[in-house]
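Survey of secondary and tertiary structure
Chain by chain, the residues run as shown.
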Amino acid sequence: MRAIALRGLWLLAVVGTARAEPGPSQTQDISSASMCDSIDSVPVTFTIDYQSAIQGIFNANCVACHTNTAPPLPAGLSLDPGVSWSAIVNHASSQRPGLVRVVPNRPDLSLLFHKVNCAVPDVGARMPYGGPYLSIQDQALIHDWIAGGAPSGTTDTIFRSGFEIRD
Ligand code: HEC
């Protein structure tokens, strides 16, 4: 009996440690984000060009703050043209390193998507900070770009058009 109880405690300790200090390649489930907008009414977009569509959203809504040209850089994140993609894709959050800004194919694990989609994201405030927030069309474009693999070029329609990419 005692051995079993002790083993249980040991397991709890291991799990507790793993949660507290996630390794650099681990991604956490950030489903604790809440009060998220539904994008179900927006038709799925299969062909999305990063430079024109996603960088376009950043230029219009984000770079007023997230720019290297006017420090300080919020959360160390530059969304300037030319540097934004490598600053977000497979890049850990500076505020909570266990979270990843954009996980290719997984909008549900991508902090950046939750930051624009949810009133209560897992860390900090909804973006753009203080609003106005993105239209559900722009939120859906970011979702579908991530679901399409988050490429620096254009999402590939050949393998995507046959099945539903929304959750
Ligand atoms: C008015 C200034 C402002 C605007 C505009 C803005 N942000 Fe932010 N952003 C911040 C601040 C301040 C923080 C740090 C505090 C926080 O997370 O709430 C932040 C943090 C973030 C983070 C978290 C980064 C990390 O590593 O933890 C992401 C992702 C982000 N913003 C994305 C965006 C996106 C995408 C847009 C445009 C749709 C945007 N922001 C627009 C000020 C801004």
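Going by the annotation in an unreviewed UniProt entry, the name recorded for the chain is Cytochrome c domain-containing protein, with Dokdonella soli given as the source organism.

**Things to note about the pattern of salt bridges**
Tallying each qualifying case throughout the model produces 2 salt bridges. A salt bridge links Arg126 to Asp37, with the nearest nitrogen and oxygen atoms 2.9 Å apart. Note that Arg126 is positioned in the loop between strand S2 (118–120) and helix H5 (136–147) and Asp37 in the loop between strand S1 (34–36) and helix H2 (50–61), a separation of 89 residues in sequence. Between Arg106 and Asp108 there is a salt bridge; the shortest N-O distance is 2.7 Å. Using a relative accessible area of 38% as the deciding quantity, one classes Arg106 as partly exposed. Asp108 sits in the partly exposed class, given a relative accessible area of 26%.

**With respect to the nonpolar core**
Core analysis: the largest hydrophobic core is formed by 27 residues, its most contacted members being Ile54, Phe58, Leu79, Ile88, Val102, Ile142 and Trp145. Elements represented by at least two residues in this core include exactly H2, helix H3 (84–88), helix H4 (111–117) and H5. With residues up to four places along the chain from it excluded, the contact list for Ile142 reads Ile54, Ile57, Leu112, Phe113, Val116 and Leu134.

**A short note on the environment of Leu111**
Position of Leu111 among the secondary structure elements: in helix H4. Among the residues examined, Leu111 registers a relative accessible area of 5% and is labelled buried.

**Regarding the side chain of Ser78**
On the secondary structure map, Ser78 appears in the loop between H2 and H3. Within polar-contact distance, the side chain of Ser78 engages the side chain of Asn68 at 3.3 Å. A polar atom in the side chain of Ser78 sits 3.2 Å from the side chain of Asp80. Once residues lying within four places of it in the same chain are set aside, the contact partners of Ser78 are His66, Asn68, Leu73, Val83, Ser84 and Ala87.

Cut-offs used in this document
- Residues numbered from 1 in each chain as written.
- Predicted model: local features only at pLDDT ≥ 70, side-chain atom pairs only at ≥ 80, totals over all residues.
- Heavy atoms only, no water.
- Salt bridge = Lys/Arg side-chain N within 4 Å of Asp/Glu carboxyl O.
- Helix = DSSP H or I, 4+ residues; strand = E, 2+ residues; numbered from the N terminus.
- Buried < 20%, exposed > 50% of the residue type's maximum accessible area, 1.4 Å probe, protein only.
- Core = buried A, V, L, I, M, F, W, Y, C linked by side-chain atoms within 4.5 Å.
- Contact = heavy atoms within 4.5 Å.
- Polar contact = N/O pair within 3.5 Å; in protein donor to acceptor, adjacent residues only side chain to side chain.

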